[in-house]
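Summary of structural features
Residues per chain, in single letters:
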Amino acid sequence: MSEARVIALPDATDRALIVATQGGLPLVAEPYHVLADQLGISAEEVMQRLQAMQQNGIIRRIGLVPNHYALGYTCNGMTVWDVPDERIHILGPKLGALPFVSHCYRRPRFLPDWPYNLFAMVHGRSRAETDAQVEEIARLLGDDDRGHAVLYSTRILKKTGLRLGNRGD
Amino acid sequence: MDAIDRAIINALQDGFPICARPYAAAAEQLGITEDDLLQRLAALREQNTITRFGPLFHAERLGGALSLVAMRIPAQDFDRVAAQVNAHVEVAHNYERTHEFNMWFVLATETEQQLQDTLRAIEAETGYPVYNMPKLEEYYLNLRFAV
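Owing to the predicted nature of the structure, the values given are computational and were not obtained by experimental measurement.

What counts and what doesn't
- Residues numbered from 1 in each chain as written.
- Chains lettered and ligands numbered in written order.
- Predicted model: local features only at pLDDT ≥ 70, side-chain atom pairs only at ≥ 80, totals over all residues.
- Heavy atoms only, no water.
- pLDDT = per-residue confidence, 0-100.
- Helix = DSSP H or I, 4+ residues; strand = E, 2+ residues; numbered from the N terminus.
- Contact = heavy atoms within 4.5 Å.
- Buried area = accessible area lost by both parts, 1.4 Å probe.
- Salt bridge = Lys/Arg side-chain N within 4 Å of Asp/Glu carboxyl O.
- Polar contact = N/O pair within 3.5 Å; in protein donor to acceptor, adjacent residues only side chain to side chain.
- Nonpolar A, V, L, I, M, F, W, Y, C, P; charged D, E, K, R; others polar.
- Buried < 20%, exposed > 50% of the residue type's maximum accessible area, 1.4 Å probe, protein only.
- Pairing = 2+ DSSP bridges.

1. Points about the confidence of the model for chain A
Residue and element names in this part refer to chain A.
- Of the residues in chain A, 91% have a pLDDT of 70 or more, and the chain-wide mean is 89.
- Per-element confidence in chain A ranges from a low mean pLDDT of 91 for strand S1 (residues 59-66) to a high of 98 for helix H2 (residues 31-39).
- Within the model, pLDDT remains below 50 along residues 1-5, and this stretch shows nine contacts once partners closer than five positions in the same chain are excluded.

2. Thoughts on the interface of chain A and chain B
- Each partner contributes to the interface: chain A provides 81 residues, whereas chain B provides 78 residues.
- The contact between chain A and chain B buries some 7,800 Å² in all, and 60% of this surface belongs to carbon and sulfur atoms.
- Linking chain A to chain B there are five salt bridges.
- For Arg155 of chain A, the salt bridge identified is with Glu96 of chain B, shortest N-O distance 3.1 Å.
- The interface formed by chain A and chain B includes 35 residue pairs in polar contact (both at pLDDT 80 or more).
- Those elements that provide at least two residues to the side of chain A that touches chain B are helix H1 (12-21), H2, helix H3 (43-55), S1, helix H4 (88-96), strand S3 (101-106), strand S4 (118-124) and strand S5 (148-159) of chain A.
- Per-element accounting of the side of chain A that touches chain B gives the leading share, eleven residues, to S5 of chain A.
- Here the residues of the side of chain A that touches chain B are counted per class, giving 43 nonpolar, 24 polar and 14 charged.

3. Things to note about the pairing of strand S1 (residues 50-57) of chain B
- Buried residues dominate S1 of chain B, accounting for seven of its eight residues.
- Bridging between S1 of chain A and S1 of chain B involves seven bridges; their strand directions are antiparallel. The residue of S1 of chain B that forms the bridge with Arg61 of chain A is Leu56 of chain B.

Shown next as C-alpha cells:
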C-alpha cells in the first residue's frame, strides 16, 4: 500500500481524542461517553470521529495488543536483508505474509557499511525457533538473499512509547 | 490466564466495536457478560499480559516525522552515548542490539526539520555519526499473536 496517497490529517478535536485515548480506552460500560465528557462533545461525535479516523487509516484498528513477552514470545530478532531493489516490492509482501513476522519495511542502505534494505521483525519462543524462522526466510528469498543479519535486542535503553504529547503540543 | 482470557486476547486483537455499549457487544460474541469482560480486561492489563487496549494509531499519519536511527558505538562509550541519546524527549525508545550497529532508537518529532535538527544535535553531542533509516515502504505490520 502506498503511503503517498492524500491523507486527511487529524484536526484539533481528533488530536484531543488521540491524546485522550493514548493510554487506552476506558474500561467502563460506556467508554465513548466517558471520552465525550472529557472532550466536551457528544458521544455520537466521538464515535463518528473514531470511525472516520479508522477509515482514513489514522487509526489502524481499535483493539488489544498482547505483551508478547508475557505470552512466551521472548525471543525477538530484527532480521535485515540485502535484496535487489528491483525485486523488493515482490519480496517484501512475501516476508510480511509469514505468520511469525510482525513488521516488514523497506529502509535505506548505507553502503558499504550497511547493505541491508529489507527489515523483518521475527518473534519466537526460543532462540532455536527464531533461528529456524531466519532459515525459512533465507529459503524463501533464495538467490535474492545477497546477505543478511539478525540483531537481537540485549537491553532496553529507553521505552516511553510514541505519544503525541511528546511532539511539543 | 484461562481459556476465556485466551479467547478474549485472540478476538480483541482483530478489532473492537464502536457503539454505545461496545464491551457488551464484544462480550456477547464471546459468550460472556459485559461485567466479566471488563473485569478480565482490567486483570489482564494489571498483570501486564496486555500492553495496550484501545485505538492503535498509524504514527506517520498523525502528521509528524518518525524514523529508526542506528549508531555504531564502541563498548567504552556506549553508556555515555546512551544517556546523551535518551536525554532527548524526541527519542521514544532505544534498544541495544547484537551487531556492530549496536544502538537503535526511534525518533518522533512534529516536523521533518525537527527530526533532522535532533539528529545533528545527537551527532554533535556524542561525536558519532547517526544512520537515519526511515521507513521507505511498509509491507506489513501485524501485532497479532495467537494464544
